[in-house]
Amino acid sequence: QVQLVESGGGLVQAGGSLRLSCAASGSIFSIEAMGWYRQAPGKQRELVAAITSGGTTNYANAVKGRFTISRDNAKNTVSLQMNSLKPEDTAVYYCNAEARRYRGAPLRDAWGQGTLVTVSS
């Protein structure tokens, strides 16, 4: 099993910043992509940003230029720096990792428990 633990959510005013962090632990041979998703009330979960083990990043159009994803492969951690936050960024943010438990194992998705980000206007 791979466990993901997130931290860093909270309440912030519009225009402010927050940093989310996520640490993976458990039975891990390797982690391919790591990323952040979010789900606002009444909406589907959506990709916010992702990063491969090689450092290639992908961002949702809504956060480009405001959010930055980074990763420490040695520590199996991923972070999301969120600047210029808007009320529409309010959501539960989930960490995701595509991991192999042992050499040759299939990639499996692991999810964190979610952390709430609330941006007030």
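All values derive from a computational prediction rather than experimental measurement. (Residues numbered from 1 in each chain as written. Predicted model: local features only at pLDDT ≥ 70, side-chain atom pairs only at ≥ 80, totals over all residues. Heavy atoms only, no water.)

## As for the state of the cysteines
Part 1 of the reasoning: All told, the structure shown has 1 disulfide when counted by the stated rule.
Part 2 of the reasoning: One disulfide bridge connects Cys22 with Cys95, the sulfur atoms lying 2.1 Å from each other. Handedness of the Cys22-Cys95 disulfide follows from its S-S torsion of about -85°: it is left-handed. Of this pair, Cys22 sits in strand β3 (residues 18-26) while Cys95 sits in strand β9 (residues 91-100), placing them 73 residues apart in sequence.
Part 3 of the reasoning: What makes Cys22 buried here is its relative accessible area of 2%. (Disulfide = S-S within 2.5 Å. Helix = DSSP H or I, 4+ residues; strand = E, 2+ residues; numbered from the N terminus. Buried < 20%, exposed > 50% of the residue type's maximum accessible area, 1.4 Å probe, protein only.)

## Examining the sheet that holds β3
Part 1 of the reasoning: Spatial strand order, β1-β3-β8-β7: 4 strands in an open sheet with antiparallel pairing. The outermost strands of the open sheet, each flanked by one partner alone, are β1 (2-7) and β7 (67-72). Averaged over neighbouring strand pairs, the angle between their axes works out to 15° when direction is ignored.
Part 2 of the reasoning: Both β3 and strand β8 (residues 77-82) contribute to a ladder of 6 bridges, which runs antiparallel. When the sheet's bridge partners are listed, Cys22 is paired in β8 with Val78. (Pairing = 2+ DSSP bridges. Axes fitted to C-alpha atoms, helices over the stretch in contact; angles between N-to-C directions.)

## Side note on unusual backbone geometry
Part 1 of the reasoning: Its identity is not glycine, yet Asn76 carries a phi of approximately 55°, on the positive side.
Part 2 of the reasoning: With respect to the helices, strands and loops of the structure, Asn76 is situated in the loop between β7 and β8.
Part 3 of the reasoning: Phi at Ser84 takes a positive value of approximately 50°, unusual for a residue other than glycine.
Part 4 of the reasoning: Among the structural elements, Ser84 can be located in the loop between β8 and β9.
Part 5 of the reasoning: A relative accessible area of 41% places Ser84 in the partly exposed class.

## Re the environment of Pro87
Part 1 of the reasoning: Relative to the elements of secondary structure, Pro87 occurs in the loop between β8 and β9.
Part 2 of the reasoning: Residue classification places Pro87 among the partly exposed residues on the basis of a relative accessible area of 35%.
Part 3 of the reasoning: Linking Pro87 and Val12, residues 75 residues apart in sequence, is a C-alpha distance of 9.3 Å.
Part 4 of the reasoning: With sequence-adjacent residues up to four places away left out, Pro87 is seen in contact with Ala14, Val119 and Ser121. (Contact = heavy atoms within 4.5 Å.)

## Section: the nonpolar core
Part 1 of the reasoning: By size, the foremost hydrophobic cluster in this structure holds 30 residues, and its most contacted members are Trp36, Leu80, Met82 and Tyr93.
Part 2 of the reasoning: Taken together, the elements giving at least two residues each to this core come down to β1, β3, β4 (30-39), β5 (46-51), β7, β8, β9 and β11 (115-120).
Part 3 of the reasoning: Ignoring anything within four residues of it in the chain, the contact list for Met82 reads Gly16, Ser17, Leu18, Leu20, Arg66, Phe67, Tyr93 and Val117. (Core = buried A, V, L, I, M, F, W, Y, C linked by side-chain atoms within 4.5 Å.)

## So, the side chain of Arg66
Part 1 of the reasoning: Looking at where Arg66 falls in the secondary structure, it is placed in the loop between β6 (57-59) and β7.
Part 2 of the reasoning: Only 2.7 Å separates the side chain of Arg66 from the side chain of Asp89, close enough to count as a polar contact.
Part 3 of the reasoning: Sequence-distant contacts of Arg66, that is, excluding residues within four places in its chain, are made with Gln81, Met82, Asn83, Ser84, Leu85, Lys86 and Asp89. (Polar contact = N/O pair within 3.5 Å; in protein donor to acceptor, adjacent residues only side chain to side chain.)

## A short note on the packing of aromatic side chains
Describing an aromatic ring pair means giving the distance of the ring centres and the angle of the ring planes.
Part 1 of the reasoning: In the structure shown here, the tally under the stated rule is 1 aromatic pair.
Part 2 of the reasoning: When the centroid spacing of 5.0 Å and the interplanar angle of 65° are considered together, the rings of Tyr37 and Trp111 count as edge-to-face. With Tyr37 in strand β4 and Trp111 in strand β10 (residues 108-111), this pair connects stretches of sequence that are 74 residues apart.
Part 3 of the reasoning: Against the face of Tyr94 rests Arg45, its NZ or CZ located 3.7 Å from the ring centre.
Part 4 of the reasoning: Stacked on the ring of Trp111, the Lys or Arg Arg45 has its end atom at 4.7 Å from the ring centre. (Phe/Tyr/Trp six-rings, centres within 6.5 Å; stacked < 30°, edge-to-face > 60°. Lys NZ or Arg CZ within 6 Å of the ring centre and 35° of its normal.)

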